[in-house]
Amino acid sequence: MKKSILIIVSIFISAIALSQEFNVGTNVINAGIGLGGYYGGYTTSTQSPVISVSFERGVWDVPGPGVVSLGGYFGRKTFKYNNSFVDYSWSYNVIGVRGAYHYNGFEIENLDLYGGVMASYRIYSGRGASNFGSSPGATGFIGARWFFSENFAGFAEGGYGVAFLSLGASFRF
């Protein structure tokens with residue numbers, strides 16, 4: 001009888017552990033396209049979406065239940081403005097470090113819910129336009145990933161900063 005209970009408990013604990021989509025030691029690379037955002041341009045300028053790549057790794061369990069991750073971020077956004085008098089172009093490259101809390105309390109298989117902050121540096125480069133300046137920044141974000149397979153997910157992140165909304169793909173390894 002004790003053996004049966006031990007086996008049942010072991011299977012139950014294994015099922016819970018497998019249902020958590022982000023754990024200590026999990027590595028994820030995100031590639032996304034962002035819309036809107038803090039970095040603006042002239043209202044008549046042509047602008048690209050934010051193209052971004054980020055990495056995160058689960059580093060420690062915390063009460064709640066959840067996991068804290070740390071990682072890095074790179075994003076790029078470009079602008080062009082021209083008429084018969086001027087021809088301007090400029091871009092922002094954003095390099096940052098980010099930390100997030102991944103909430104594992106719902107125990108919904110395939111779902112990773114998280115929120116976090118990023119400290120970054122915005123690097124401005126341009127031709128013809130006023131120098132908007134390179135500067136440090138801080139961003140908050142919330143997001144979710146849905147894993148379609150063991151290693152592939154779609155993600156959505158919202159926040160104020162590089163982009164108001166980012167959509168893309170995540171690869172877990």
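Residues numbered from 1 in each chain as written. Predicted model: local features only at pLDDT ≥ 70, side-chain atom pairs only at ≥ 80, totals over all residues. Heavy atoms only, no water.

## A look at the overall build of the protein
Next, step 1: Along the protein, the regular secondary structure elements total one helix and nine strands.
Next, step 2: Along its sequence from the N terminus, the protein presents helices and strands in the succession α-β-β-β-β-β-β-β-β-β.
Next, step 3: Per-residue burial over the protein gives 38% buried out of 173 residues.
Next, step 4: The contacts of the protein with a sequence gap of at least 6 include a subset with a gap of at least 24, amounting to 58%. (Helix = DSSP H or I, 4+ residues; strand = E, 2+ residues; numbered from the N terminus. Buried < 20%, exposed > 50% of the residue type's maximum accessible area, 1.4 Å probe, protein only. Contact = heavy atoms within 4.5 Å.)

## Quick look at the nonpolar core
Next, step 1: Residues Val-50, Tyr-73, Val-94, Ala-100, Tyr-114, Met-118, Phe-141, Phe-155, Val-162 and Ala-163 constitute the largest nonpolar core, which totals ten residues.
Next, step 2: Listed in part, the six residues of the second largest apolar core include Tyr-81, Tyr-88, Tyr-92 and Tyr-124. (Core = buried A, V, L, I, M, F, W, Y, C linked by side-chain atoms within 4.5 Å.)

## A word on the pattern of salt bridges
Next, step 1: Scanning the entire structure with this criterion turns up four salt bridges.
Next, step 2: Residues Arg-172 and Glu-21 are paired through a salt bridge, measuring 3.2 Å at the closest nitrogen-oxygen approach. A residue pair is termed long-range when its members are at least 10 positions apart, and Arg-172 in strand β9 (residues 165-172) and Glu-21 in the loop between α1 (2-19) and β1 (27-35) qualify at 151 residues.
Next, step 3: Taking the relative accessible area as the measure of exposure, Glu-21 reaches 6% and is therefore buried.
Next, step 4: For the salt bridge of Glu-56 with Arg-145, the shortest nitrogen-to-oxygen distance reads 2.2 Å. (Salt bridge = Lys/Arg side-chain N within 4 Å of Asp/Glu carboxyl O.)

## Overview of the environment of Gln-47
Next, step 1: Counting through the fold element by element, Gln-47 comes out in strand β2 (residues 46-47).
Next, step 2: Sequence separation between Gln-47 and Phe-79 is 32 residues; the distance between their C-alpha atoms is 4.3 Å.
Next, step 3: Those residues in contact with Gln-47, other than ones at most four positions away along the chain, are Lys-77, Thr-78 and Phe-79.
Next, step 4: There is a polar contact of 3.0 Å between the side chain of Gln-47 and the side chain of Lys-77. (Polar contact = N/O pair within 3.5 Å; in protein donor to acceptor, adjacent residues only side chain to side chain.)

## Describing the pairing of strand β4 (residues 66-82)
Next, step 1: As paired elements, β2 and β4 share two bridges and run antiparallel to each other. Its bridge partner lying in β4, Thr-46 is registered against Lys-80.
Next, step 2: Of the pairings in the sheet, the one linking strand β3 (residues 50-62) to β4 comprises eleven bridges and is antiparallel in character. The residue of β4 that forms the bridge with Trp-60 is Val-68.
Next, step 3: Linking two consecutive strands that pair antiparallel, namely β3 and β4, is a turn of three residues; a positive phi of about 150 degrees is found at Gly-64 within it.
Next, step 4: By the bridge criterion, 17 bridges tie β4 to strand β5 (residues 87-103) in an arrangement that is antiparallel. When the bridges of β5 are listed, Gly-72 appears paired with Val-97. (Pairing = 2+ DSSP bridges.)

## Structural notes on the packing of aromatic side chains
Next, step 1: Across all of its chains, the model carries nine aromatic pairs by this definition.
Next, step 2: Measuring from ring centre to ring centre gives 6.3 Å for Phe-55 and Phe-173, while their planes differ by 35 degrees; the resulting arrangement is tilted. In this pair, Phe-55 is assigned in strand β3 and Phe-173 in the segment after β9, connecting sequence segments 118 residues apart.
Next, step 3: What makes Phe-55 partly exposed here is its relative accessible area of 33%.
Next, step 4: A relative accessible area of 54% means that Phe-173 is categorised as exposed. (Phe/Tyr/Trp six-rings, centres within 6.5 Å; stacked < 30°, edge-to-face > 60°.)

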